[in-house]
Amino acid sequence: MRILVTGGAGFIGSQFVRATLAGTLLSPPDVRVTVLDKLTYAGNLANLSPVSGDPRLTFVRGDITDACLVDSLMTGHDAVVHFAAESHVDRSLVGARDFVVSNVLGTQTLLDAARRHRIGRFVHVSTDEVYGSIERGAWREDTPLAPNSPYAASKAGSDLLALAQHRSHGMDVVVTRCSNNYGRYHFPEKMIPLFVTRLLRGRTVPLYGDGGNVRDWLHVSDHCVGVDLVLHHGRAGEVYHIGGGVELANKELTGLLLDACGAGWQNVVHVPDRKGHDRRYALDITKIQEELGYRPAVSFTDGLADTVRWYRDHPGWWEPLLERAEPGDEPRREDFLPSGPPAP
Ligand code: NAD
């Protein structure tokens, strides 16, 4: 089996590649993996270093919007697992263009090439953010999309394009929508790695608004188990939710991170709320549980402890990613964003 993994040098894609090659997922031992990744600020070859010597892995640096490259790479592959995306909401609020280009045009470029090459299965990895915000209860896979941020809107567009390939052309496409991931190798701009890497250095952390925004948290390895189940056993043309069932308000999560890093509330700076900040996300995961036997295996307590320990033990991974100066007098959340590593 040969799998083309886009965005395989990012946080989740690299976990999927490492687990696939380690044999902990469903693909056979003779699986071969091609990673296509542009190595944007979020892409990092160090995420693949544990498997970089594996002869079953081929890495190609390139852009999913490059139709010629994408077309040439499809040959010989049985499946595409599509993770590549601009993925950070805060950055999409500063500038949305790259999100539209990579997430919408890039996805369509891959879909066109996969259809031309009659690829057996195309898994499009998406997010719960496409549904907007929900006060109570949980979204089902047939809930109408109502994205609020440019990031979520670009992902919603790509989801619909992927599903349209199935409806219009009969292509074997499956869409997954997952809640917030956390774990090792997470670029330090998202809440958990941003807070941990700052707290470990004795710095302050930015808490949005009243801290009451609620997210469902899932360990990245459980997300990849779900994507892999869908890859091997999901039904064509379907959407599957992948969630963790651990709902936390940002201020509750902040308290846990302060404790884990040996810091206190004096390290927290309250910053004005994110524009259009969705209040709560919640996924109903009955479908993937009943159809595919999916169960998240990592408890939040264990997963968070492992994650904090990993960041404590691996400053050599994240320190080069921190280049941003300290915030000014009126801190905004984007003042805390690292600018990312220099282009390799
Ligand atoms: P990430 O930002 O860590 O990684 C994205 C990867 O895609 C990077 O390696 C980057 O270099 C690559 N990339 C970006 N644009 C590209 C392009 N035009 N061509 C080729 N490569 C490109 O993101 P992540 O957190 O690993 O997310 C992966 C996928 O999962 C995304 O599609 C995201 O929408 C989805 N998702 C993420 C989460 C989460 O909590 N992080 C939750 C649900 C869904």
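Everything numeric in this text was worked out from a predicted model, so none of it was measured.

Taken together, 28 residues are adjacent to the ligand, and Ile 12, Asp 37, Ser 87, Tyr 151 and Lys 155 come closest. Contacts to the ligand include Asp 37, whose side-chain N or O atom sits 2.6 Å from an oxygen atom. At 2.9 Å from an oxygen atom of the ligand is found a main-chain nitrogen or oxygen belonging to Asn 181. Starting from 840 Å² of accessible surface for the ligand in isolation, the protein chains cover 96%. Of all the secondary-structure elements, those providing two or more residues to the shell around the ligand are helix H1 (11–22), strand S5 (121–127), helix H5 (150–169) and strand S7 (180–182).

Moving on, we come to the sheet that holds strand S9 (residues 214–219). If you trace the three strands from one edge of the open sheet to the other, you get S7-S9-S11, paired in mixed fashion. Edge positions in the sheet fall to S7 and strand S11 (246–249), since each has one partner strand and no second. Across the sheet, the axes of successive neighbouring strands diverge by a mean angle of 45°, strand direction being ignored. Bridge count between S7 and S9: three bridges; the pairing is parallel. Counterpart to Asn 180 in the pairing with S9 is Trp 217. Packed onto the sheet, helix H7 (residues 220–233) meets S7 and S9 and runs at close to 75° relative to S9.

Attention now moves to unusual backbone geometry. At Leu 39, a residue that is not glycine, the phi angle is positive and equals roughly 55°. Among the structural elements, Leu 39 can be located in the loop between strand S2 (32–37) and strand S3 (57–61). Phi is positive for Arg 118, which is not a glycine, with a value near 50°. If you trace the backbone, Arg 118 turns up in the loop between helix H4 (97–116) and S5. Note on Arg 118: relative accessible area 75%, which makes it exposed.

Once that is clear, we can look at the side chain of Arg 280. Within the secondary structure, Arg 280 is located in the loop between strand S12 (268–271) and helix H9 (286–292). Accessibility expressed as a relative area gives 13% for Arg 280, which makes it buried. If we skip the residues at most four places from it in the chain, Arg 280 touches Gly 132, Ser 133, Ile 134, Glu 135, Arg 136, Gly 137, Trp 139, Val 214, Arg 215 and Glu 247.

Domain parsing of the protein chain yields domain 1 (2–181 + 219–242) and domain 2 (191–214 + 246–276 + 298–336). Counting residues at the interface gives 10 residues for domain 1 and 10 residues for domain 2. Interface of domain 1 and domain 2: buried area, both sides summed, is about 820 Å²; carbon and sulfur atoms make up 50% of it. Summed over the three residues of domain 1 that lose the most area to domain 2, namely Asp 90, Leu 93 and His 219, the buried surface amounts to 47% of that side. Where domain 1 touches domain 2, the interface holds one salt bridge. Among the salt bridges present, the one from Arg 274 reaches Asp 90, with a minimum N-O distance of 2.8 Å. Between the two partners, domain 1 and domain 2, sit four residue pairs in polar contact (both at pLDDT 80 or more). Among the secondary structure elements, those contributing two or more residues to the side of domain 1 that touches domain 2 are helix H3 (89–94) and H7. The element best represented in the side of domain 1 that touches domain 2 is H3, accounting for three residues. Each residue belonging to the side of domain 1 that touches domain 2 can be placed in one class, and the counts come to three nonpolar, five polar and two charged.

Here we take up the nonpolar core. Core analysis: the biggest nonpolar cluster contains 42 residues, and Phe 16, Val 17, Val 33, Val 81, Val 227 and Ile 288 have the highest contact counts within it. Broken down by element, the residue count for this core peaks at five residues, all from H7. In this structure, Val 227 is in contact with Phe 16, Val 81, Phe 83, Val 123, Val 125, Thr 176 and Ile 242, ignoring residues within four places of it in sequence.

Think of a ball as big as a water molecule: rolled over the atoms, this probe shows where empty space is left. For the coordinates displayed, the defined rule picks out two cavities of 30 Å³ or more. Estimates place the volume of the second largest cavity at around 60 Å³. Together, Val 89, Leu 93, Glu 129, Asn 148, Ser 149, Arg 215, Arg 274, Lys 275, Gly 276, His 277, Asp 278 and Tyr 281 line the second largest cavity. When its residues are assigned to classes, the lining of the second largest cavity shows three nonpolar, four polar and five charged.

A separate point is the sheet that holds S2. An order of S3-S2-S1-S4-S5-S6-S10 is seen for the seven strands of this open sheet, with the pairing classed as parallel. The two strands at the open ends of the sheet, each matched to only one other strand, are S3 and strand S10 (239–242). Along the sheet, successive strands turn relative to each other by an average axial angle of 20°, direction set aside. Bridge count for S5 against strand S6 (residues 173–178) is six bridges, and the pairing is parallel. Its bridge partner being in S6, Val 123 is matched across the sheet by Val 174. Along the sheet, helix H2 (residues 67–74) makes contact with strand S1 (2–6), S2, S3 and strand S4 (79–82), crossing S2 at roughly 175°.

What counts, and where the lines are drawn
- All residue numbers refer to position in the chain's written sequence, counted from 1.
- For a predicted model such as this one, the threshold for reporting local features is a pLDDT of at least 70, and the threshold for listing and counting side-chain atom pairs is 80 or more; totals across whole chains, interfaces and linings nevertheless cover every residue.
- Side-chain descriptors were evaluated using all non-hydrogen atoms of the structure, hydrogens and water having been removed beforehand.
- By convention in these notes, a residue is near a molecule or strand provided one of its non-hydrogen atoms lies within 4 Å of it.
- N or O atoms within 3.5 Å of each other form a polar contact, as long as, within protein, one can give a hydrogen and the other can take it, and as long as residues adjacent in sequence are counted only when both atoms are side-chain atoms.
- Each accessible area is a Shrake-Rupley result for a 1.4 Å probe, and residues are judged covered by the shown protein chains and nothing else.
- Numbering goes from the N terminus for both helices and strands, where a helix is a DSSP run of H or I of at least four residues and a strand is a run of E of at least two.
- Two strands qualify as a pair provided that DSSP identifies no fewer than 2 bridges between them.
- For helices, the fitted line uses only the C-alpha atoms of the stretch in contact; every axis is such a line through C-alpha atoms, and the angle between N-to-C directions lies from 0 to 180 degrees.
- The contact criterion used is simple: two residues touch if any of their non-hydrogen atoms lie within 4.5 Å.
- Classification of residues uses two cut-offs on accessible area relative to the type maximum, computed with a 1.4 Å probe and protein chains only: under 20% is buried, over 50% is exposed, and between them is partly exposed.
- Note that the domain bounds were set by an automatic or database domain assignment.
- Buried area adds together the accessible area that both of two parts lose upon being put together, with accessible area traced by a 1.4 Å probe.
- A pair is scored as a salt bridge if a Lys or Arg side-chain nitrogen falls within 4 Å of a carboxyl oxygen belonging to Asp or Glu.
- Ten residues, namely Ala, Val, Leu, Ile, Met, Phe, Trp, Tyr, Cys and Pro, are considered nonpolar, four, namely Asp, Glu, Lys and Arg, are considered charged, and the remaining ones, Gly among them, are considered polar.
- By convention a nonpolar core is built from buried Ala, Val, Leu, Ile, Met, Phe, Trp, Tyr and Cys residues, the set being connected through side-chain atoms within 4.5 Å.
- Points on a 1 Å grid over protein atoms alone make up a cavity when a 1.4 Å probe fits among them but cannot get out, and a pocket when they form an open set with protein on both sides within 12 Å along at least five of seven lines; lining residues each have an atom within 4 Å of a point.
- Grid points are joined across faces, edges and corners, and a volume is the space filled by probe spheres set on the points.

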